[in-house]
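# Residue-level structure breakdown
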Amino acid sequence: MSHNKQKKIAIINDISGFGRCSVAVSLPVISHMKVQGCVLPTAVFSNHTGFPSYYYEDYTAHMPRFMEEWKKLGLRFEGIASGFLGSAAQIHIVSEFIRQFRDARTKVILDPVMGENGKAYPTYTEEMCDKMKELVQYADILTPNVTEACMLADMPYKASGWSKGELHGIMERLRELGAGKIVVSGLTSDSFITNAISERPGDLRLLRQKRVGKVRSGTGDIFSAVIAADCVNGAGFEESVRKAAAFVRDCILVTEKLDIPETDGVCFEEVLYKLK
């Protein structure tokens, strides 16, 4: 009996019971886009780390056992989507997962969840940053925010005012690390938010839309999930980035209308029907 009659994406990320981020948003988005999501947890949280208090269980020791059982089942994946990784050991495990499960049809979508607003997350060590740079070699699509792009490219961060030449420099440095298609999100100005995309050496396109609402948890996970599902469904890259950005905008708008606390993520459930 084959378990590979439907397109599948391996979702390597943490599970947060409350707060709408990571697997809690990526799995329903990918499922809605008619792709089966198969979850390999990196950690299990009661609620995400943006809250004052949380309980969590590290899942590093269990990850290889998942891989062993999936191998027994003969699972094949059209996509491998990696998100939050909590240690250098987990980055190594993801490298092993890709080597063991990737075949000619598999696309790797890497969201290097390393930091934001110019700073690395407290969990991120120098060793982890170095290991993440090595992981980039496997990325068919790389989806860093501007902070993470700067960390990977060893370039100084700035909140705004990026020139095309500077963005070209970042893109080419990420390509030297091995990335295929790249989208750098979160380039902000007073009125707009811009995603910079590149599909090949020398290519740079800036996709702008009006900035709305507050910064909220989980939007990066939603953005990457749309791109991952679109990728295995054969959508064009620029079209996919535009779709992901527009969907995140719709999520933020409805969340603002309902006056949801910023920690609670976005009410994507209210607008999931818009996603095609």
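Before reading further, recall that the structure is shown in the block above.
The present account deals with the structure reproduced in this document. Keep in mind that this is a model prediction, so the values were computed, not measured.

Position of Asp 103 among the secondary structure elements: in the loop between α3 (88-101) and β5 (107-110). Overall, Asp 103 belongs to the partly exposed group, its relative accessible area being 25%. Along the backbone, Asp 103 and Ser 185 are 82 residues apart, and their C-alpha atoms lie at a distance of 28 Å. Side chain to side chain, Asp 103 and Arg 76 meet in a polar contact 3.1 Å long.

Strand order in the open sheet formed by nine strands is β3-β2-β1-β4-β5-β8-β9-β10-β11, with mixed pairing between adjacent strands. Of all the strands in the sheet, the pair left with one neighbour each is β3 (56-58) and β11 (205-210). The sheet contact formed by strand β10 (residues 192-198) and β11 spans six bridges and is antiparallel. When the bridges of β11 are listed, Ile 197 appears paired with Arg 205. Each of β1 (8-16) and β2 (36-45) is contacted by helix α1 (residues 23-32), which is oriented at about 155 degrees to β1, the strand it contacts most. Seen against the sheet, helix α5 (residues 146-153) touches β8 (141-142) and β9 (181-188) and runs at an angle of roughly 125 degrees to β9.

This brings us to unusual backbone geometry. Even without glycine at this site, Ser 22 takes up a positive phi of about 55 degrees. Among the structural elements, Ser 22 can be located in the loop between β1 and α1. Despite not being glycine, Lys 34 shows a phi value in the positive range, around 65 degrees. Assignment of secondary structure puts Lys 34 in the loop between α1 and β2. For Lys 34, a relative accessible area of 69% translates into the label exposed.

How each quantity is defined
- Residues numbered from 1 in each chain as written.
- Predicted model: local features only at pLDDT ≥ 70, side-chain atom pairs only at ≥ 80, totals over all residues.
- Heavy atoms only, no water.
- Helix = DSSP H or I, 4+ residues; strand = E, 2+ residues; numbered from the N terminus.
- Buried < 20%, exposed > 50% of the residue type's maximum accessible area, 1.4 Å probe, protein only.
- Polar contact = N/O pair within 3.5 Å; in protein donor to acceptor, adjacent residues only side chain to side chain.
- Pairing = 2+ DSSP bridges.
- Contact = heavy atoms within 4.5 Å.
- Axes fitted to C-alpha atoms, helices over the stretch in contact; angles between N-to-C directions.

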